[in-house]
Amino acid sequence: MSIISEEGKKTLTSFSDWVSANSPDIPAEVVYPPKKDDHGHGHDDHGHDDHGDAHCDAHEEAHEEAHEELRSSAYEALHASDAPPAAPAAVTAQPKEKETVTEEGPMTERTFVRTLGAGYRLIAAVCGVLLAIILLVTVAFLPRFGSAENPALNEVSRRYLEEGLTDTGAVNTVAGMILDYRAFDTLGESIVLFTATVTVIFLLQQSRRKNDEARALEEEDLQQGVRSLPARVVIGIAFPFAMLYGIYVVLNGHLSPGGGFSGGTILGGTLILAHLAFGEQYTQRFATITRCTGILSVALLVYMGLKSYSVLTGANGMESMVPLGTPGSIFSAGLIFPLNICVGLVVACTMFTLYSLFTKWKA
Amino acid sequence: MTFFEIMLLLFLIACAISIFFIKRLVNAVVVFMSYSAIMAVLWLSLESPDLAITEAAVGCGITTLLFILALKKVNALKEDGEADRDEHNI
């Protein structure tokens, strides 16, 4: 019982956060009165449909009592469509001329949108059918899967399959391709991830400084993780095994299917799960945003350095100082092993940084 | 092509088409996730386990988590968010 009421309070606080974010002059305590009778009163006043207006009503009442004038235009537009049939107290309390504006504006807009929507749907249907036909016709002209006359079965793939083991030393030919023959391509992909992380940090870190009071309420939820006990137990059991599997996939990339990208994604996803279940308090012991960004940058630089070395030696016909080793053992395949670790770290840190930045961000 | 693969392909197409007609975004995300899971099994049956692992990790794992996080951030996980969306016909 106590858990349920806690849950209700939690949703209310988060909603009032949203309100105070929209109209920053109201302090969070005034906006949100968590009393039962307030809520009941609001329910009698407007005959909304029943689902989910617990937050809505309490919020409207509180807002009316506090500051009518501060009602933001975005909120008004959102609820203008509900207003005419229900006639809530908040709208009637407003000045007359403002009311006429809100009555007239959305109506014409809505009819316009509706006519536009009909035409848009027709165009969308025609475009979709046309695209489907074009794609199906194209598929009909594709060569049969696995046939010997395939254009994909040319000298390039034959060379990769026949000489790949002696060239790169990797048992897993795919790893040999993406981290040796085409490592430049993989470098580009890693840089794309790095750029995405940097962009997200630039975009979201500024808004993090705003409305600290409103954030403090949600902070608790973020720090503790989810309340659901089964989720915590299952994630707690699965977390070390998933982590271990991710590390295995990264380290064994040159021997078995997998490699930096897939293993890094598993690691990042596992970190995200831990963050989800046990909150920031738990994950910041081993993975903070600054630490992850540092690891990301260092891994990318190491990748660039290693690849520059192999490009230098390869282009000048020099013998690489890194031995290829015996195929099949863990320390083999030359530079592929460290490169896999670098890519795995880049991907895992990117995933986790993006997730934790987005969870901290408040609109 | 085995019977199993044909069933998977049919289910894949059903998933892809049904995403259009799902009103609740959370359900659409879950169907999208199942699409990725089927695709991962299909990659495995096409003998490309590398792609299968990546598809399972990215398609089922990360994408779903990010989608649900985004939905939570725009308050679309709540019921009234759904009502608003139907009203505006988006």
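Remember, predicted model here, so these are calculated numbers, not experimental data.

Turning our eyes to something else, we now look at a nonpolar patch on the surface. All names here are of chain B. Side chains of Met 1, Phe 3, Ile 6, Met 7, Leu 9, Leu 10, Ile 13, Ile 17, Phe 20 and Phe 21 sit close together on the surface and give an oily, nonpolar patch of about 1200 Å² of accessible area. Its location among the elements puts Leu 9 in helix α1 (residues 3-21). On the basis of relative accessible area, Leu 9 is assigned to the partly exposed category, the value being 31%.

As enumerated under the stated definition, the model contains five aromatic pairs over all chains in all. A centroid spacing of 4.5 Å and a plane angle of 25 degrees characterise the contact between Tyr160(A) and Tyr181(A), whose relative ring orientation is stacked. With Tyr160(A) in helix α9 (residues 155-168) and Tyr181(A) in helix α10 (residues 173-181), the pair connects residues that are 21 residues apart, well separated along the chain. Relative accessible area serves as the criterion here: at 27%, Tyr181(A) is assigned to the partly exposed category. Between Phe32(B) and Phe67(B) the ring centres are 5.9 Å apart and the planes differ by 85 degrees, which places this aromatic pair in the edge-to-face class. Of the two residues, Phe32(B) is situated in helix α2 (residues 25-45) and Phe67(B) in helix α3 (residues 49-73); the sequence distance between them amounts to 35 residues.

Below, the discussion takes up unusual backbone geometry. Residues and elements named next belong to chain B. The phi torsion at Glu 47 lies on the positive side, around 65 degrees, for a residue other than glycine. If you trace the backbone, Glu 47 turns up in the loop between α2 and α3. The exposed category is assigned to Glu 47, whose relative accessible area is 71%.

A word on the packing of helix α15 (residues 289-315) of chain A against helix α16 (residues 336-360) of chain A. How two helices pack is summed up by the angle between their axes together with the distance between the axes. Residues and elements named next belong to chain A. Contact geometry of α15 with α16 gives a least axis separation of 8 Å together with a crossing angle of 150 degrees. Considering their axes alone, α15 and α16 lie roughly antiparallel with respect to each other. Crossing hand, α15 versus α16: left-handed. Its residues placed into classes, the contact of α15 with α16 shows 18 nonpolar, four polar and two charged.

Procedures and definitions
- Residues numbered from 1 in each chain as written.
- Chains lettered and ligands numbered in written order.
- Predicted model: local features only at pLDDT ≥ 70, side-chain atom pairs only at ≥ 80, totals over all residues.
- Heavy atoms only, no water.
- Patch = residues over 30% accessible without salt bridge, like charges linked within 9 Å, V, L, I, M, F, W, Y side chains within 5 Å.
- Areas by Shrake-Rupley, 256 points an atom, 1.4 Å probe, with all protein chains shown as cover.
- Salt bridge = Lys/Arg side-chain N within 4 Å of Asp/Glu carboxyl O.
- Helix = DSSP H or I, 4+ residues; strand = E, 2+ residues; numbered from the N terminus.
- Buried < 20%, exposed > 50% of the residue type's maximum accessible area, 1.4 Å probe, protein only.
- Phe/Tyr/Trp six-rings, centres within 6.5 Å; stacked < 30°, edge-to-face > 60°.
- Axes fitted to C-alpha atoms, helices over the stretch in contact; angles between N-to-C directions.
- Parallel < 35°, antiparallel > 145°, perpendicular 65-115°, else oblique.
- Left-handed = near helix turned anticlockwise from the far one by under 90°.
- Nonpolar A, V, L, I, M, F, W, Y, C, P; charged D, E, K, R; others polar.

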